[in-house]
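Summary of structural features
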Amino acid sequence: VRGGAAIELGWKYNILNPTTLEEFESIRSTQRSPDFAKDKRLTRHERQRILREFGFTNKDIQEAAKRATIIRNKRKRSIALMSHDHLYEALEEVKIFLCGGCRNCDGSNSAVLEDYGSKVHPSLVADQDC
């Protein structure tokens with residue numbers, strides 16, 4: 001969903017017209033378009049109409065759209081940060097190297113790590129045992 005409220009399939013359903021798998025596939029194969037994913041995509045207005053038909057209010061739809069936008073933005077940020085993962089891994093290796101690979105050293109290297117504290121990911125300097 002690029003915008004607006006999403007529609008999901010639930011576990012509750014009603015059997016309106018029981019059919020066999022063979023019948024369903026023969027009907028479906030004639031109805032399916034070559035570009036199914038693009039042609040069968042619902043617009044924002046179509047989704048809103050369907051939600052209203054099932055009793056959702058405009059307020060419900062707006063709240064769902066807002067939640068979807070928040071989730072979409074978090075996903076975009078997460079994807080953008082993935083490109084920096086290799087840097088965080090390299091800095092973690094530096095941290096281990098500076099501490100000599102031990103968890104209970106005498107603390108002589110902690111000042112070095114604190115100098116880099118504003119430049120590295122907080123998880124690398126927040127939980128120091130040395």
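Presented here is an overview of the structure given in this document. If you're wondering where the values come from, they're calculated on a predicted model, not measured in any experiment. Numbers given for residues are sequential positions, taken from 1 along each chain in its written order. Local features in this predicted model are restricted to residues whose pLDDT is 70 or higher, and side-chain atom pairs enter the listing and the counts only when it is 80 or higher, whereas totals over whole chains, interfaces and linings include all residues. Values shown for side chains rest on all heavy atoms present in the structure; no hydrogens or waters enter the calculation.

As for the overall build of the protein
Quick note on the threshold: Under the scheme used here, helices are H or I runs from DSSP no shorter than 4 residues and strands are E runs no shorter than 2 residues, and both carry numbers assigned from the N terminus. Burial classes: relative accessible area under 20% of the type maximum marks a residue as buried, over 50% as exposed, and values in between as partly exposed (1.4 Å probe, protein chains only). Any two residues whose heavy atoms approach within 4.5 Å at even a single point are treated as in contact. Each accessible area is a Shrake-Rupley result for a 1.4 Å probe, and residues are judged covered by the shown protein chains and nothing else.
Secondary structure assignment for the protein yields 7 helices and 0 strands. Counting helices and strands in the order they occur from the N terminus, the protein gives α-α-α-α-α-α-α. For the protein, the residues scored as buried account for 15% of the 130 residues in total. Pairs at least 24 apart in sequence give 61% of the contacts found in the protein among residues at least 6 apart. For the protein, the exposed area adds up to about 11,300 Å²; of that, 56% sits on carbon and sulfur atoms.

Quick look at the pattern of salt bridges
To be explicit about the condition: Salt bridge, as used here: a side-chain nitrogen of Lys or Arg that lies within 4 Å of a carboxyl oxygen of Asp or Glu.
The full count for this structure, using the stated rule, is 1 salt bridge. With a closest N to O distance of 2.9 Å, E53 and R49 form a salt bridge. Placement of both E53 and R49 in helix α3 (residues 44-53) is noted, with a separation of 4 residues, approximately one turn of the helix. Of the residues examined, E53 reaches a relative accessible area of 56% and is grouped as exposed. Since its relative accessible area comes to 43%, R49 is described here as partly exposed.

Brief notes about α3
The condition that has to hold: Think of the arc as the fan of directions from the helix axis to the C-beta atoms.
Among all positions in α3, only R47, Q48 and L51 are buried. Projected down its long axis, α3 carries its buried residues within an arc of 100 degrees, all on one side. Within α3, the exposed residues directed more than 90 degrees away from the buried face are H45 and E53. Here the buried face of α3 lies against α4 (58-82).

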